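So the chains spell out like this:
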Amino acid sequence: MHGRHLPPAASISLAAVSMLAPSLAAFKAMALPIPLLAPVLNTGKLAGRTIFITGASRGIGKAIALKAAKDGANIVIAAKTAEAHPKLPGTIYTAAKEIEAAGGRCLPCIVDVRDEAQIQAAVEAAVKEFGGIDILVNNASAISLTGTLETPMKKYDLMHHVNTRGTFLTSKLCLPYLKVGKNPHILNLSPPLNMNPVWFQNHVAYTMAKYGMSMCVLGMAEEFRSDGIAVNALWPRTGITTAAMDMLGKLMGGEDTVNQLRFPEIMADAAYVILTRDSKNFTRNFCIDEDILREVGVTDFDVYAVKPGTPLMPDFFLDEFLDDFAKKSSPKTGAGAKQDASAASGQVDQVFKTIMAAANEEIVKKTNAVFAFQVKGAEEGQWYLDLKNGSGSAGKGESPSPPDATLIMDSQDFVKMFQGKLKATAAFMTGKLKIKGDMGKAMKLEKLMGAMQSKL
């Protein structure tokens, strides 16, 4: 290791950093393919350059660091994982060893991006160790996919302090050195500024916080254009194997959802392309990983897929996904629609009867949750499913016990989801499915849905 270590940062919740990915060992344990050599070759353009990356002990941040390290870059890891977590592999020190093994130099700094003093100390340590800072990657992020009433202010503050404020603050403290850096870049891992209400209605607090990072791109790119500092954003077209997508996948799509994702290396390759471009001529861009790679001749994206050939899960904030979803789920008209509506009559009741026929004390013990369902449309009404008490119960009307989670959706979509004809992920992302209450409890419905598909 090079340089000094900083004092430990105050602990924040595990959910605070969304850019995490399963380890190599984890993929082996799941019998998943290991990502192959990325098609974007290193050119050496980042040799000797100093790159300050927040949240780089795992996942996308670490993948970007390793890509740059192959050029011989100096990497500053500004993250808070100093000690091994029982469920998440890797620390800033294990990541530093990997970076140095890949050919780079590394300075691991324990940093909570909400703490100005810790960021300042890390910046000063980087300048002392490497002589300056040429590139900043704002990767650290926090997530909570909850509605307004379900978002505690503690989580709201966490997302805004880590995402928007952390990005602004880290950029502010690095900018004096970027102004005199070589081909200086700021790269924020944030989405295009899409004002479609669908991306706000289910998780407005998260969207506001994430868009805050993108607004930094919009403003700072123009503010520092005359200094030759590029400020861009990068966002994935599909789900990436990070903790955030893993959480959503388990909630909405089942344990096999990981097969629908891509490895973080696609983001690392796209970041490499951006960071090696002329900072004076490439700024204020909201880049999508796949588009950037196509620009440099990449055509085979199977190399990045966890399971090549599997339909990919789209990421948030991209309307192209909504267009595809609308085409696939557009309602029938005329006689076909009447026939479908007639066939659907009573199917919601049948779903609950099928669930209760399969319920037993073991399922109740494993689930330990009460669910309420607000069903709209042709079979409008309220249902409940108690998988917490006794051997379980279900029925129409309000739950006798307070629900842990409430699911709201149209009756036809509800039946399709339990039949496996409608991807729960797509339903959630497009607003067809809304979840209120304990998201952790709602996760447990995933396995139940899978078990019901063959019986409905």
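Thresholds applied
Residue positions are given per chain, counted from 1 along the sequence in the order it is written. The predicted origin of the model limits local features to residues at a pLDDT of at least 70 and limits the giving and counting of side-chain atom pairs to 80 or more, whereas totals for whole chains, interfaces and linings rest on all residues. Where side-chain values are given, they derive from all heavy atoms of the structure, hydrogens and water being excluded. One number per residue, pLDDT, summarises how confident the predictor is, and it ranges from 0 to 100. By definition in these notes, contact holds between two residues if any of their heavy atoms fall within 4.5 Å. Note on conventions: DSSP H or I runs of at least 4 residues are helices, E runs of at least 2 residues are strands, and numbering of each starts at the N terminus. Ring pairs shown here join Phe, Tyr and Trp side chains whose ring centres sit within 6.5 Å, with only the six-membered ring taken for Trp; geometry is labelled stacked below 30 degrees between planes, edge-to-face above 60, and tilted in between. Exposure is judged per residue with a 1.4 Å probe applied to protein chains only, and the accessible area is read against the type maximum: over 50% gives exposed, under 20% gives buried, and values in between give partly exposed. Put simply, a charge is over a ring when the Lys NZ or the Arg CZ is close to the ring centre, within 6 Å, and near the line of the ring normal, within 35 degrees. Only strands joined by at least two bridges in the DSSP assignment are considered to pair. Orientation is described by lines fitted to C-alpha atoms, with helices fitted over the stretch in contact, and by angles between N-to-C directions that extend from 0 to 180 degrees.

Here the protein chain shows a mean pLDDT of 83. Residues at 70 or above account for 79%. Note that pLDDT drops below 50 for residues 1–36; the model gives that stretch 94 contacts with residues more than four away or on any other chain. Segment residues 331–344: pLDDT under 50, and five contacts once partners within four positions in sequence are set aside and those in other chains are kept.

Right, let's get into the side chain of Asp413. Topologically, Asp413 is positioned in helix 14 (residues 411–419). Once residues lying within four places of it in the same chain are set aside, the contact partners of Asp413 are Leu422 and Lys432.

Looking now at the packing of aromatic side chains. Inspection of every chain in the model, using the stated rule, returns 12 aromatic pairs. With 5.8 Å between their ring centres and 55 degrees between their planes, Trp235 and Phe317 make a pair best called tilted. Of this pair, Trp235 sits in strand 6 (residues 230–235) while Phe317 sits in the loop between helix 9 (289–295) and helix 10 (319–329), and the two are 82 residues apart along the sequence. By relative accessible area, Trp235 is classed as buried at 4%. Centroid distance Phe352 to Trp383: 6.0 Å. Interplanar angle 5 degrees. Geometry classified as stacked. Of the two residues, Phe352 is situated in helix 12 (residues 347–358) and Trp383 in strand 9 (residues 381–387); the sequence distance between them amounts to 31 residues. The pair formed by Phe352 and Trp383 is uniform in burial state, with each residue classed as buried. Each member of the aromatic cluster is reached from another via a ring pair, and the members are Trp199, Phe200, Tyr206, Tyr211, Trp235, Phe316 and Phe317. Of note, Lys67 hangs over the ring of Tyr272, and the distance from its end group to the ring centre comes to 5.4 Å.

Burial within strand 3 (residues 105–110) is extensive, with five of its six residues counted as buried. In this structure, strand 2 (residues 74–79) lies alongside strand 3, joined through six bridges in parallel fashion. Bridge pairing links Ala78 to Cys109 in strand 3.

Strands sit in the order 10-9-8-11-12 across an open sheet of five strands; the sheet is mixed. In the strand order of this sheet, the two ends are held by strand 10 (393–396) and strand 12 (434–437), each with one partner. Neighbour-to-neighbour, the strand axes of the sheet open up by a mean angle of 15 degrees, direction not taken into account. Sheet analysis places strand 8 (residues 369–376) next to strand 11 (residues 405–410), joined by six bridges and oriented parallel. Of the residues in strand 11, the one forming a bridge with Phe373 is Leu407.

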